[in-house]
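Fold and contact review
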Amino acid sequence: TSKTDLILKLENDHIIVNEKYITAQILSQELDEVYNIFENNLAFGKKDKLNEEASMIFLKEITDIMEKNDISLKQIIPGKKIKKGSLIKVPYVLQFECNFEKLGKLIVELENNDRIIFIDNIYLKNNTEKMKLAKKNNMDFLKQNIEIKIHALSINKAVI
């Protein structure tokens, strides 16, 4: 029975070690993601493209997200950047038209972006007259005029 006990103990030890290994892999991947987010939002100087108001790279990302999700973009209005210590916030107002399902997909895409993006406000501009005038077979009334105020955050390495 001692060999059987030894085999059972070794199998149990193997399971425990394997679980620890899997946990270490998961933690490593999560730390890599944190590092990537930090790296993608770290500006190396005051003139870094991440700190630009109306960054063309960021605007292209936003328009690509809108196009990918078949959202009718009407306007992007960049705001004046706000500096707070090592942090720089660059605000944007997005005006577009879509249904609620596409709005949900847009929010998920913004949250999953490599840049740190905060959604400050979402305004739904419902038009009840549009609903009254809609034909029974026409689903255009589901499209909403929406305005989202967001800001992209970057971290200035020079100040850290």
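Of regular secondary structure, the protein chain possesses four helices and six strands. For the protein chain, the sequential pattern of α-helices and β-strands runs α-β-α-β-β-β-α-β-α-β. Burial analysis of the protein chain (160 residues in total) assigns 26% to the buried set. Working note: accessible area of the protein chain is about 11,400 Å², and carbon and sulfur atoms make up 57% of it.

A surface patch of nonpolar side chains, amounting to about 270 Å² of accessible area, comprises Phe100, Ile122 and Leu124. Tracing the sequence through the fold places Phe100 in helix H3 (residues 100–112).

Turning our eyes to something else, we now look at the packing of aromatic side chains. Going through the model one piece at a time under the given rule, you end up with one aromatic pair. With 4.9 Å between their ring centres and 40° between their planes, Phe58 and Tyr92 make a pair best called tilted. Here Tyr92 lies in strand E4 (residues 87–98) and Phe58 lies in helix H2 (residues 56–68), a separation of 34 residues in the sequence. With relative accessibility at 2%, the residue Phe58 sits in the buried group.

Further remarks concern the confidence of the model for the protein chain. Here the protein chain shows a mean pLDDT of 78. Residues at 70 or above account for 69%. The secondary-structure element of the protein chain with the lowest mean pLDDT is strand E1 (residues 42–43), recorded at 52, while H3 shows the highest, at 91.

We now examine the nonpolar core. Ranked by internal contacts, the top residues of the largest apolar core, which has 20 residues, are Phe96, Leu106 and Ile150. Elements represented by at least two residues in this core include exactly H2, E4, H3 and strand E6 (144–156). No other element matches the six residues that E4 contributes to this core. Ile150 has contacts with Phe58, Ile62, Val90, Pro91, Tyr92, Leu94, Leu110, Ile117, Phe118, Ile119 and Asp120, leaving out every residue within four places of it along the chain.

What follows deals with H2. Between its first and last C-alpha atoms H2 spans 18 Å; for 13 residues at 1.5 Å apiece the expected length is 18 Å, and the two agree. Buried residues of H2: Phe58, Leu59, Ile62, Ile65 and Met66, and no others. Each buried residue of H2 sits inside an arc of 125° when the element is viewed along its axis, so together they form one side. Turned more than 90 degrees from where H2 packs its buried face, Met56, Ile57, Glu67 and Lys68 sit exposed. Following H2 by one or two positions, Asp70 adopts a phi angle in the positive range, close to 55°.

Structurally, Asn113 is set in the loop between H3 and strand E5 (116–125). Its relative accessible area of 15% is what places Asn113 among the buried residues. Of the polar contacts made by the side chain of Asn113, one reaches the side chain of Glu61; its length is 3.1 Å. Residues in contact with Asn113, not counting those within four places in the same chain, are Glu61 and Ile65.

This part covers the pattern of salt bridges. As enumerated under the stated definition, the model contains six salt bridges in all. Salt-bridge contacts for Glu109 lead to Lys68; the nearest nitrogen and oxygen are separated by 2.9 Å. Highlighted residues: Glu109 in helix H3 and Lys68 in helix H2, separated in sequence by 41 residues. Here Glu109 falls in the buried class, since its relative accessible area comes to 19%. The partner of Lys105 in a salt bridge is Glu101, and the shortest N-O contact between them spans 3.6 Å.

Conventions used here
Residues numbered from 1 in each chain as written. Predicted model: local features only at pLDDT ≥ 70, side-chain atom pairs only at ≥ 80, totals over all residues. Heavy atoms only, no water. Helix = DSSP H or I, 4+ residues; strand = E, 2+ residues; numbered from the N terminus. Buried < 20%, exposed > 50% of the residue type's maximum accessible area, 1.4 Å probe, protein only. Areas by Shrake-Rupley, 256 points an atom, 1.4 Å probe, with all protein chains shown as cover. Patch = residues over 30% accessible without salt bridge, like charges linked within 9 Å, V, L, I, M, F, W, Y side chains within 5 Å. Salt bridge = Lys/Arg side-chain N within 4 Å of Asp/Glu carboxyl O. Phe/Tyr/Trp six-rings, centres within 6.5 Å; stacked < 30°, edge-to-face > 60°. pLDDT = per-residue confidence, 0-100. Core = buried A, V, L, I, M, F, W, Y, C linked by side-chain atoms within 4.5 Å. Contact = heavy atoms within 4.5 Å. Expected span 1.5 Å × (residues − 1). Arc of directions from axis to C-beta. Polar contact = N/O pair within 3.5 Å; in protein donor to acceptor, adjacent residues only side chain to side chain.

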